[in-house]
Amino acid sequence: MRLSFLEPLYKQPGPFASVYLDTSRDAAIDDPDAAIELRWRHLRDALAAEGADRDSITAVAGTVGSDADVPGTHGQAVFTAHGRLALLDELPAPPTRDTAHFGTLPDTMPLIVQHAPGIPYLAVHVHYSGRHSTDATDIVRIDAEVGTWPLTRVTPGHRVHEEIPATDWLNAAGEIGRELEGHARHIDVEAVVVAGDVWARGILVRRLPASLLGQVSTVGGVGESVPGRALLEQRLESFFSGRMAAHDRALLDTFLAQRARDGATAEGISAAVSALQRGRVKVLFLNDHPESTLHLWVGPEPGQLALSEEELRSYGARDVRKERADAALARALVGTRGELVVVPEQQMRLSEGVGVLLRYADPASRA
């Protein structure tokens, strides 16, 4: 996963207030806005206890709950610095728990994890309830959406809607297939998920361009998507569960191949920190452990991080602070243009939850 979406945040000076809050407006709750306000009040007190300035807290307060037009369950990630909003992102799922942090670095890892797996896809729903015959007088309706999973859950992608008489469906399916290919090409989709009537969708699938055919999967079930949410959201959630984006999977395969021959890889927090200090990390692989209490010492620059205050000061860093390890790793990656791949632990357990693919092997290790 490329972390370029965080670059504007790190260009701003800290300290930062970082807030993750469930802003779902559940119909079962009588007054969801009051519930959100109550949750924010607890986080506001936590920020104040950590030394957050009044202006930064006020900036968060002016943003929390501003996503009233987003339906379904979701959350917000809000970052402010020096009384100004630094970054706002809608979370496709509520945070595991509401959190607030005030410190030198923004607490970005929970946001990064919510961007994973970041799979570009095309979803197609073929609506038809008439006779399975091309001389029927019914209408075939097509709804399609290109997006990136899971972000499309709260940030809808480009939508296509077509209505075709069943009598024209055999010919029109090919034209629609070419139209869908054009939209898919814009985001280089790696999965095409098709649902709906078996007969009508079968005709469409058989007429899809060759570039899409190898990526097609059909899913069962019926039901409309919620307006404002991803098309086929519930079915996509099951379909993509446990998957990695093709780009990330290829990077992990490279890591495993290099590790098998003692190549340009390392594992463990100490090795990762050492490599980041020297700007050698091409990709950092992470088993997400939000409950971790591990901390690192950081300086003003992205590559200034160390396991201890003494080590960091020995490198010449003066203004040093203690921060969450994952926050320090994230800043170092963004600052050195490295990538991050969140690896489900059931797929591979990394030593201390961290592994790195290096830009080049250490010459000493090959001596």
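Note that the structure is predicted; figures quoted are calculated from it, not measured.

Here we take up the side chain of histidine 74. Topologically, histidine 74 is positioned in the loop between α3 (54–61) and β2 (75–81). Given the relative accessible area of 0%, histidine 74 is considered buried. Within the structure, the side chain of histidine 74 is placed 3.3 Å from the backbone oxygen of threonine 23, a separation counted as a polar contact. A polar contact is formed between the side chain of histidine 74 and the backbone oxygen of glycine 72, at a distance of 2.8 Å. Once residues within four sequence positions are removed from consideration, histidine 74 is found in contact with Asp22, Thr23, Ser24, Asp67, Glu90, Leu91, Pro92, Ala93, Pro94, Val154 and Arg229.

Once that is clear, we can look at the domain arrangement of the chain. Annotation of the chain at the domain level lists domain 1 (4–115), domain 2 (119–240) and domain 3 (246–358). A straight line from the C-alpha centre of domain 1 to that of domain 2 covers 35 Å. Counting from both sides, the interface comprises 10 residues of domain 1 and, opposite them, nine residues of domain 2. Here domain 1 and domain 2 share an interface that buries about 720 Å² over both sides, 65% of which is from carbon and sulfur atoms. Considering only the side of domain 1, the residues that lose the most area to domain 2 are Pro71, Pro92 and His115, jointly responsible for 64% of the buried surface there. Across the contact surface, domain 1 and domain 2 share zero salt bridges. Scanning the region where domain 1 abuts domain 2 turns up two residue pairs in polar contact (both at pLDDT 80 or more).

Our focus in this paragraph is the environment of leucine 236. Along the chain, the position of leucine 236 falls in helix α8 (residues 233–240). Considered as a pair, leucine 236 and valine 193 are 43 residues apart in the sequence and their alpha carbons are 7.9 Å apart. Non-local contacts of leucine 236, meaning those with residues more than four positions away in its chain, are made with Tyr121, Ala123, Trp149, Val193 and Leu231.

Here we have three strands laid out as an open sheet, ordered β13-β12-β14, and antiparallel in their pairing. Strand pairing shows two members of the sheet lacking a second neighbour, β13 (305–306) and β14 (321–324), which therefore form its edges. This element, helix α12 (residues 325–335), spans β12 (295–298), β13 and β14 of the sheet and lies at about 45° to β12.

Moving on, we come to the pattern of salt bridges. Enumeration over the complete set of coordinates arrives at 17 salt bridges. The partner of glutamate 233 in a salt bridge is arginine 153, with the nearest N and O atoms 3.0 Å apart. One end of the pair, glutamate 233, is in helix α8; the other, arginine 153, is in the loop between β6 (139–149) and β7 (158–165), with 80 residues separating them in the sequence. Among the residues examined, glutamate 233 registers a relative accessible area of 12% and is labelled buried. Given the relative accessible area of 10%, arginine 153 is considered buried. We note a salt bridge from arginine 185 to glutamate 181, for which the minimum N-O separation is 3.7 Å. You can see arginine 185 and its partner glutamate 181 sitting in helix α5 (residues 169–187), four residues apart, about one turn around the helix. For arginine 185, a relative accessible area of 58% puts it in the exposed group. In this structure glutamate 181 comes out as buried when scored by relative accessible area, which is 18%.

Bringing the packing of α5 against helix α6 (residues 198–206) into the picture now. Where α5 contacts α6, the axes come no closer than 8 Å and their chain directions differ by 55°. Looking at the two axes, α5 sits oblique to α6. The interaxial crossing formed by α5 with α6 has right-handed handedness. Taken together, the residues of α6 that come into contact with α5 (itself represented by Trp169, Leu170, Ala173, Ile176 and Gly177) are Trp199, Ala200, Ile203 and Leu204. Grouping the amino acids of the contact of α5 with α6 by side-chain chemistry returns eight nonpolar, one polar and no charged.

Once that is clear, we can look at the packing of aromatic side chains. All told, the structure shown has seven aromatic pairs when counted by the stated rule. Residues tyrosine 20 and phenylalanine 79 carry aromatic rings whose centres are separated by 5.9 Å and whose planes lie at 90° to one another, so their mutual orientation is edge-to-face. Taken together, the positions of tyrosine 20 in strand β1 (residues 16–22) and phenylalanine 79 in strand β2 put the pair 59 residues apart, joining distant regions of the chain. Accessibility assignment for this pair places tyrosine 20 and phenylalanine 79 in one class, buried. Feature note: the residues Tyr121, Trp149, Phe239 and Phe240 constitute an aromatic cluster, connected by ring pairs. Arginine 243 extends its terminal NZ or CZ atom over the ring of phenylalanine 239, reaching a point 4.0 Å from the ring centre.

Alternating residues of strand β15 (residues 339–342) divide into Glu339 and Val341 and Leu340 and Val342, and every residue in both groups is buried. Where strand β11 (residues 281–286) meets β15, four bridges bridge the pair, whose relative direction is parallel. The residue of β15 that forms the bridge with leucine 286 is valine 342.

How each quantity is defined
Residues numbered from 1 in each chain as written. Predicted model: local features only at pLDDT ≥ 70, side-chain atom pairs only at ≥ 80, totals over all residues. Heavy atoms only, no water. Helix = DSSP H or I, 4+ residues; strand = E, 2+ residues; numbered from the N terminus. Buried < 20%, exposed > 50% of the residue type's maximum accessible area, 1.4 Å probe, protein only. Polar contact = N/O pair within 3.5 Å; in protein donor to acceptor, adjacent residues only side chain to side chain. Contact = heavy atoms within 4.5 Å. Domains from an automatic or database assignment. Buried area = accessible area lost by both parts, 1.4 Å probe. Salt bridge = Lys/Arg side-chain N within 4 Å of Asp/Glu carboxyl O. Pairing = 2+ DSSP bridges. Axes fitted to C-alpha atoms, helices over the stretch in contact; angles between N-to-C directions. Parallel < 35°, antiparallel > 145°, perpendicular 65-115°, else oblique. Left-handed = near helix turned anticlockwise from the far one by under 90°. Nonpolar A, V, L, I, M, F, W, Y, C, P; charged D, E, K, R; others polar. Phe/Tyr/Trp six-rings, centres within 6.5 Å; stacked < 30°, edge-to-face > 60°. Lys NZ or Arg CZ within 6 Å of the ring centre and 35° of its normal.

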